[in-house]
Amino acid sequence: MKKIISIAIALICSWAAFAEDAASWSSPSLKAIDFGIGIPVECYDLQAAGLNLHLGFDRSYPLNERLAVGFYLSAAGGFMGAFDQSVRYDNYHSVLQFNAGLLVEFGDLNKQPYILAVSPCTGFGLVDMDMVLPLEIRFGRMLSQHWYLTGGLTYGISLANETRYWEPAIHIGYNFGH
């Protein structure tokens, strides 16, 4: 129940962040939406690979001209297909995932800072109806004042110890705040 309340509060705060006056910040801040694509691979039980689409919200608040701290929310969904298609049933598996984590921008915030994001099992996922806790790390950089690119790696920790789920992904984002 505490996780649901925390997620609801984060969603409300992120929705309200778009209503802020951008002129009130003296330093640049990250208020962005990102889109991504990932390739989930499971080689233990299901022995499958597939495709995930990601949609996320990234927000950071500047502490000084070289450091900003915030959070990110990310949702993903897709499928995996079994490597061995000789079995008549159960060849395709669904993948759903939701992450919430810490986001840090470092470097000169007025130019092209680096972005580091970590989700230490603060989320949930389903891989063929097996509950997993996603451990994710993302690293990237601002390409311009508005566009940025991050690459990430997610490992799904299976609660039933049935799957071992890896997903490399790439995200491109657009920053609305500056």
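Everything here concerns the structure above.
Structure report, in brief. (Residues numbered from 1 in each chain as written. Predicted model: local features only at pLDDT ≥ 70, side-chain atom pairs only at ≥ 80, totals over all residues. Heavy atoms only, no water.)

What follows deals with the pairing of strand E4 (residues 67–82). Where strand E3 (residues 48–64) meets E4, 16 bridges bridge the pair, whose relative direction is antiparallel. Looking across to E4, one finds that Arg-59 is bridged to Phe-71. Connecting E3 to the next strand, E4, in antiparallel fashion are two residues. Bridge count between E4 and strand E5 (residues 92–106): 15 bridges; the pairing is antiparallel. The residue bridging Tyr-72 from the neighbouring strand is Gly-101, located in E5. (Pairing = 2+ DSSP bridges. Helix = DSSP H or I, 4+ residues; strand = E, 2+ residues; numbered from the N terminus.)

For the rest of this paragraph, the subject is the environment of Pro-120. The residue Pro-120 is located in strand E6 (residues 114–120) in this model. The spacing of Pro-120 and Leu-133 is 13 residues in sequence and 8.7 Å in space, taken between C-alpha atoms.

This next bit is on the nonpolar core. Among the nonpolar cores identified, the biggest contains eight residues, and these are Leu-30, Ala-32, Tyr-72, Leu-103, Ile-115, Ala-117, Met-142 and Tyr-148. Excluding anything up to four places from it in sequence, Ile-115 contacts Leu-103, Val-104, Glu-105, Arg-138, Phe-139, Gly-140, Arg-141, Met-142, Tyr-148 and Thr-150. One finds Leu-46, Val-127, Val-132 and Tyr-165 within the second-largest nonpolar core, a separate group that totals seven residues. (Core = buried A, V, L, I, M, F, W, Y, C linked by side-chain atoms within 4.5 Å. Buried < 20%, exposed > 50% of the residue type's maximum accessible area, 1.4 Å probe, protein only. Contact = heavy atoms within 4.5 Å.)

Enumeration over the complete set of coordinates arrives at two salt bridges. Residues Asp-34 and Arg-138 are paired through a salt bridge, measuring 3.5 Å at the closest nitrogen-oxygen approach. You can see Asp-34 sitting in strand E1 (residues 30–38) and its partner Arg-138 sitting in strand E8 (residues 130–142), a full 104 residues away along the chain. Exposure remark for Asp-34: the relative accessible area of 0% places this residue in the buried category. Among the residues examined, Arg-138 registers a relative accessible area of 2% and is labelled buried. (Salt bridge = Lys/Arg side-chain N within 4 Å of Asp/Glu carboxyl O.)

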